[in-house]
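Reading the structure
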Amino acid sequence: MIKNINNSPSLIMGIESSCDETAVAIVSSEKEILANIILTQLEEHKPYGGVVPEIAARSHIDHLNGLVREALGKAKVELDDLSAIAVTSGPGLIGGVMVGLMTAKAIAFSKNLPLISVNHLEGHALSIRLTEEIEFPYLLLLVSGGHCQLLVVKGVGDYERLGTTIDDAAGEAFDKTAKILGLDYPGGPAVEKAALKGDSSRFKFPRPLKGKPGSNFSFSGLKTAVVRAKEKLLAEQDGTLTRADICDLAASFQMALTDAIIDRVKNGIDYYLEHYPLNDHMLVVAGGVAANSKIKEKLSGLCEGRGLKLKAPPLELCTDNGAMIAWVGVEKFEEEQFSELDVSAVARWPLDPDAPPAIGAGVKA
Ligand code: KG4
Ligand code: ZN
């Protein structure tokens, strides 16, 4: 257990504002989540079918101070009781990241607390250790609206990236497909729901990169194939799509995307088993797309066949939240990895700086 100088467990506040969730949590080194407040901006971005960075940043400004107060109230602690402030300082939408970072710096400065700068991706990567006893190294599939990566998590701040997307993230592909099909935002849950009533074999969509070596991902060709199939149907059916057409398109898209992910993860598992001989091999899946039952079902089958255990954090810790940032704070506090108050917000911050850049990946690398 991590102790303060006065021998009590450490208490870390985590602040997250890198995308469209404003979140503040307070977590102890004894893995107790005392508060985990998440305010989603879903409704504000809904009319645009995606996150608008300017709207996101303004909304973080409007709500963050209130959420800090609310988290303290929920946890029944004062700022003076905290051991440190952990905050996402990248990667993400830079305006939002700056809002969180400036707030954290102000609290750290005024209360003379250590500041811990956290990589948002590391929040997703380590969140499983907040709820389960899991040792390094484990394989991590991080699938969210902004990221799609396969990594070996070797330790705090120590990663080997096996693959990343060369274009869209998996969640982004769901969101764009939902928009094409006229479904709700965010697209993942809407596409999954429609797919339940659809025939996944009706449309033969591509499985991008399937059969190729390595573990990079690609989804933009799949999205284009959905557009083409929709246009063909519209041309054949006097400009109309039936509900069954939409469900079949959704189911065929979801199946193709799942197949593509499984193929890429399979290669990653081969590499992990060969290069990391262990008694217990583990695949952790995190990020908003980890909520998808079809993807989880196929990953579970794959892991069973290869002797790996499949783990996923509970859903509320899978999507963006402050507890995962506070937890990285706990892990870094133990190693006294503190930041200076002049630490910068960064839009791009790869977990594995030695991994070759993936063309087209942008901040998703
Ligand atoms: O991790 P997250 O909350 O935020 C990011 O860091 O991006 O992930 C949000 C993404 C969205 O793209 C959303 O469409 C997707 O996760 N998502 C899903 C499902 N639920 C959320 N994708 C597929 N199936 C779902 N059930
Ligand atoms: Zn995230």
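Below is a summary of the structure that appears in this document. (Residues numbered from 1 in each chain as written. Chains lettered and ligands numbered in written order. Predicted model: local features only at pLDDT ≥ 70, side-chain atom pairs only at ≥ 80, totals over all residues. Heavy atoms only, no water.)

The N-to-C vectors of helix α2 (residues 53-75) and helix α3 (residues 94-111) enclose an angle of 30°; their axes lie 9 Å apart at closest approach. In terms of orientation, α2 lies roughly parallel with respect to α3. In the crossing of α2 with α3, the sense of the turn from one axis to the other is right-handed. Of α3, the residues touching α2 (which contributes Ala57, His60, Ile61, Leu64, Asn65 and Val68) are Gly95, Gly96, Val99, Gly100, Thr103 and Ile107. Here the residues of the contact of α2 with α3 are counted per class, giving six nonpolar, six polar and no charged. (Axes fitted to C-alpha atoms, helices over the stretch in contact; angles between N-to-C directions. Helix = DSSP H or I, 4+ residues; strand = E, 2+ residues; numbered from the N terminus. Parallel < 35°, antiparallel > 145°, perpendicular 65-115°, else oblique. Left-handed = near helix turned anticlockwise from the far one by under 90°. Contact = heavy atoms within 4.5 Å. Nonpolar A, V, L, I, M, F, W, Y, C, P; charged D, E, K, R; others polar.)

This next bit is on the site of ligand 1. In the region of ligand 1, 19 residues are neighbours, and Gly145, Asp175, Gly188, Glu192 and Gly288 sit closest. Taking Glu192, its side chain carries an N or O atom lying 2.7 Å from a nitrogen atom of ligand 1. Separating a nitrogen atom of ligand 1 from a side-chain N or O atom of Asn292 is a distance of 3.1 Å. Taken atom by atom, the bulk of ligand 1 overlaps the largest pocket. The element contributing the most residues to the shell around ligand 1 is helix α7 (residues 187-196), with four residues. Residue classes in the shell around ligand 1 are distributed as five nonpolar, eleven polar and three charged. Counting contributing residues per domain, the shell around ligand 1 is built from domain 1 (11-127 + 317-350) and domain 2 (136-312), each supplying no fewer than three. (Near = heavy atom within 4 Å. Polar contact = N/O pair within 3.5 Å; in protein donor to acceptor, adjacent residues only side chain to side chain. 1 Å grid on protein atoms, 1.4 Å probe; cavity = no way out; pocket = protein on both sides within 12 Å on 5 of 7 lines; lining within 4 Å. Sits in = over half its atoms within 2 Å of the grid points. Domains from an automatic or database assignment.)

This part is about the pairing of strand β7 (residues 148-155). Burial of β7 is extensive: seven of the eight residues sit out of reach of the surface. Linkage of strand β6 (residues 138-143) to β7, two consecutive antiparallel strands, is achieved through a turn of four residues. (Buried < 20%, exposed > 50% of the residue type's maximum accessible area, 1.4 Å probe, protein only. Pairing = 2+ DSSP bridges.)

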